[in-house]
Amino acid sequence: MNSTLHFPATWLVLTVVAPIASVVTGLAFGSVDLPLGDVLRALIGKEATLVTDIVWQLRLPRVLSAFACGGLLALAGALLQALLRNPLADPYILGISGGAAVAALSAMIFGLAAAAVSFSALGGALAAVGLVFALGFSRGGNMVRLLLTGVVLSAGFGALISLLLTLAPDAQVRGMLFWLMGDLSQAQAPGPVWGILLAALGFGWWQAKSLDILGLGELKAHSLGIAVRPLQIAIFFAASAATAAVVVEAGTIGFVGLIVPHFVRLLGFSGHRRLLPLAALAGGCFLTLADTLARTAIAPQQLPVGVLTALLGVPLLLFLLSRKA
Amino acid sequence: MLRAQRLNLSVPGKTLCRDLDVVVKPGECWAILGRNGSGKTTLLHALSGLRMAGSGGVSWDGKPLADYPRRDLARQIGVLPQDEGHEFWGTVLEYVLLGRYPYSRGFGISGEDEDAAASALRQVGMAEMAGRTLATLSGGERQRVRIAMLLAQAPQLYCLDEPLQHLDLGHQAEALRLFRRLAAEEGRTVLMVLHETLWAGRFCDHALLLYDNGEIASGTAAELLTGENLERLYQCGLRELSTEGGRCWVPA
């Protein structure tokens, strides 16, 4: 790829054009399509019209949540790929989503309110993080053991999820499936996810060079003056916080965390100082667009956004991979 | 100056060395020889500060390795580990620049870093490949780039674990000449784990022989590299060949 000519354009698209376009698209389309001019007027002015209400009360919180969740997933994926030195790592590989899902689905079976479901998802996610950390990092643990611990726990949680789905009353199964496939329809308060996104991104940016070096192997990183184990623990918790925030906000949305970092790498941005912010932006745009589509494709019915991220993301990445090879 | 005092090293089920005392002075080039599993790598890691465990101490310029802040130590001691594989999608130049991490302040890359990286790539004959991605290189080219990263790190002590792996004969000689020159002309210190006794005899002035029973012999290469010692070391009958370039041993 010709870096000198190609980069500024790619850069501009990723950092400015795509984010604005995806947010505006998300605001304009829905069960009622709004003219672009009305959307912009509603964003600037504050006269109380129906359009202003739709934009500010309904769509903006959801679009902002979607953007932050997409950013968090891409960031968590990139961080875990660096931590585990494994290109197949995604935000859910260490079992965080499984723990959250078991807790959330249990709450649903007991008929708890949405807020309580989110709360137990948070509890489940934190419990899974604690368990993986305790088992994976104990006795000078290594990353292979961490990975295996996470994968094994994920499989265990997967079995529990199947069990819960079998035991649940039919009327609840649909809601549970939506939760499992990722669903932003309950996402109305983007503040916390944005806070965690900015914190995790700040951490990643600050440690970008160390993350690059970690990719060379633990011995080399150590010999270059990196405090390897503390760094690994910090990455683990940063990625876990990012993943847990999304799972609580929107359930388990697949593919964003796996695909977006590779998408950005295939565009030619490999160092973490560029990769992390660009992946966060690209993930945000991607999930915002996917969620818009999920709301509109067969409106007024909504689709689980996780299905769309896979349906859109898989062909895109396969195309890029085949072109690069 | 590197000094090990009463160094004890063991791995589960095996003592690798007992009460090792050794002093390595600036400008010296040491070969570490031994059979597979004799503890060469473990010893190299202990001497370079990658492994702090084990009683007895290793010090650099009179100060225990454990007392150095990490990045200060990385400016003094650089390691070329055996290839661990890598997750790196960038270019050769970006890769070599990572060797400048111990000198980095803040986020940027200084002109000094760029010069060091470019010069390192020239020294291993990889300057033309600077813009290639690492994945497109052959095994030997990648090894030369790994050496270049270490040159960019510019430590006082070079600890090399099988630095010749994947290199063809010509590049083996070139790499060894490079380190020999760093020792002779710039007073750097070189420790290397080698399997090639011919190269050890030609390019190293000192040697450490790690015998299977935990005994370690240290001394000058001229003194230690004899057919008798090497037969005992490798537990294999050897025949000595003398050439103008030095002595070498082949299995009998």
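Whatever comes next refers back to the structure up there.
Residues numbered from 1 in each chain as written. Chains lettered and ligands numbered in written order. Predicted model: local features only at pLDDT ≥ 70, side-chain atom pairs only at ≥ 80, totals over all residues. Heavy atoms only, no water.

### Quick notes on the overall build of chain A
No. 1: Counting its secondary structure elements, chain A contains 14 helices and 0 strands.
No. 2: Reading the helices (α) and strands (β) of chain A from amino to carboxyl end gives α-α-α-α-α-α-α-α-α-α-α-α-α-α.
No. 3: The dimensions of chain A, computed from C-alpha atoms along their principal axes, are 60 × 60 × 35 Å.
No. 4: Relative to its 325 residues, chain A shows a buried fraction of 54%.
No. 5: Look at the contacts in chain A between residues 6 or more apart in sequence, and 75% of them connect residues 24 or more apart.
No. 6: Put simply, chain A shows about 13500 Å² of open surface, and 73% of that area lies on carbon and sulfur atoms.
No. 7: On chain A, the mean spot of the 17 positive side-chain charges and the mean spot of the 11 negative ones are 15 Å from each other. (Helix = DSSP H or I, 4+ residues; strand = E, 2+ residues; numbered from the N terminus. Buried < 20%, exposed > 50% of the residue type's maximum accessible area, 1.4 Å probe, protein only. Contact = heavy atoms within 4.5 Å. Areas by Shrake-Rupley, 256 points an atom, 1.4 Å probe, with all protein chains shown as cover. Lys, Arg positive; Asp, Glu negative; His and termini not counted. Charge placed at Lys NZ, Arg CZ, Asp CG, Glu CD.)

### Let's talk about the packing of aromatic side chains
No. 1: Per the counting criterion, the structure on display carries 11 aromatic pairs over all chains.
No. 2: Between Tyr158 of chain B and Phe179 of chain B, the ring centres sit 5.6 Å apart and the planes meet at 65°, which makes this aromatic pair edge-to-face. Here the residue Tyr158 of chain B occupies a position in strand β7 (residues 157-161), and Phe179 of chain B occupies one in helix α6 (residues 169-186), the gap between them amounting to 21 residues. Side by side, Tyr158 of chain B and Phe179 of chain B carry an identical accessibility label, which is buried.
No. 3: An aromatic cluster of three or more residues is present, and its members are Phe133, Phe137, Phe236 and Phe237 of chain A.
No. 4: When the ring centre of Trp205 of chain A is taken as origin, the NZ or CZ atom of Arg273 of chain A, which lies over that ring, is 5.4 Å away.
No. 5: In this structure, Lys63 of chain B is placed above the aromatic ring of Tyr68 of chain B, and the distance from its NZ or CZ to the ring centre is 4.7 Å. (Phe/Tyr/Trp six-rings, centres within 6.5 Å; stacked < 30°, edge-to-face > 60°. Lys NZ or Arg CZ within 6 Å of the ring centre and 35° of its normal.)

### So, the environment of Leu20 of chain B
All names here are of chain B.
No. 1: Of note, Leu20 is situated in strand β2 (residues 14-24).
No. 2: A relative accessible area of 5% means that Leu20 is categorised as buried.
No. 3: Between the alpha carbons of Leu20 and Gln5 there is a distance of 6.3 Å; along the sequence they are 15 residues apart.
No. 4: If near-sequence neighbours (up to four positions away) are discounted, Leu20 is found in contact with Ala4, Gln5, Arg6, Leu7, Leu43 and Ile216.

### Topic: helix α1 (residues 40-48) of chain B
Residue and element names in this part refer to chain B.
No. 1: Burial within α1 is extensive, with 8 of its 9 residues counted as buried.
No. 2: Within the sequence span of α1, burial applies to Lys40, Thr42, Leu43, Leu44, His45, Ala46, Leu47 and Ser48.
No. 3: The positive-phi residue at the C-terminal boundary of α1 is Gly49, with phi of around 90°.

### Focus: the pattern of salt bridges
No. 1: Taken as a whole and judged by the stated rule, the model has 13 salt bridges over all chains.
No. 2: The closest approach of N and O atoms between Arg41 of chain A and Asp38 of chain A, which form a salt bridge, is 3.2 Å. Of this pair, Arg41 of chain A and Asp38 of chain A both sit in helix α2 (residues 36-44), 3 residues apart, which is roughly one turn of the helix.
No. 3: Residue classification places Arg41 of chain A among the exposed residues on the basis of a relative accessible area of 52%.
No. 4: Its salt-bridge partner being Asp212 of chain B, residue Arg35 of chain B comes within 3.0 Å of it at the nearest N-O pair. Taken together, the residues span a long stretch of sequence, with Arg35 of chain B in the loop between β3 (29-34) and α1 and Asp212 of chain B in the loop between β9 (206-210) and β10 (216-220) at a distance of 177 residues.
No. 5: With relative accessibility at 30%, the residue Arg35 of chain B sits in the partly exposed group. (Salt bridge = Lys/Arg side-chain N within 4 Å of Asp/Glu carboxyl O.)

### With respect to the interface of chain A and chain B
No. 1: Residue-level contacts link 25 residues of chain A with 30 residues of chain B.
No. 2: In terms of surface lost to chain B, no three residues of chain A exceed Lys209, Leu219 and Leu224 of chain A, which account for 25% of the buried area on that side.
No. 3: Where chain A meets chain B, there are 0 salt bridges.
No. 4: Remark: the boundary between chain A and chain B carries 3 residue pairs in polar contact (both at pLDDT 80 or more).
No. 5: Of all the secondary-structure elements, those providing two or more residues to the side of chain A that touches chain B are α8 (191-206), α9 (208-214), α10 (218-223) and α12 (256-266) of chain A.
No. 6: With 5 residues, α10 of chain A is the largest single contributor of residues to the side of chain A that touches chain B. (Buried area = accessible area lost by both parts, 1.4 Å probe. Polar contact = N/O pair within 3.5 Å; in protein donor to acceptor, adjacent residues only side chain to side chain.)

### Observations regarding the sheet that holds β3 of chain B
Residue and element names in this part refer to chain B.
No. 1: Strand order in the open sheet formed by 6 strands is β6-β7-β8-β3-β9-β10, with mixed pairing between adjacent strands. At either end of the open sheet lies a strand with only one pairing partner, and these are β6 (77-80) and β10. Between one strand axis and the next, the sheet turns through 15° on average, direction left out of account.
No. 2: Set on the sheet, helix α5 (residues 139-153) makes contact with β6 and β7; between it and β6 the angle comes to about 175°. (Pairing = 2+ DSSP bridges. Axes fitted to C-alpha atoms, helices over the stretch in contact; angles between N-to-C directions.)

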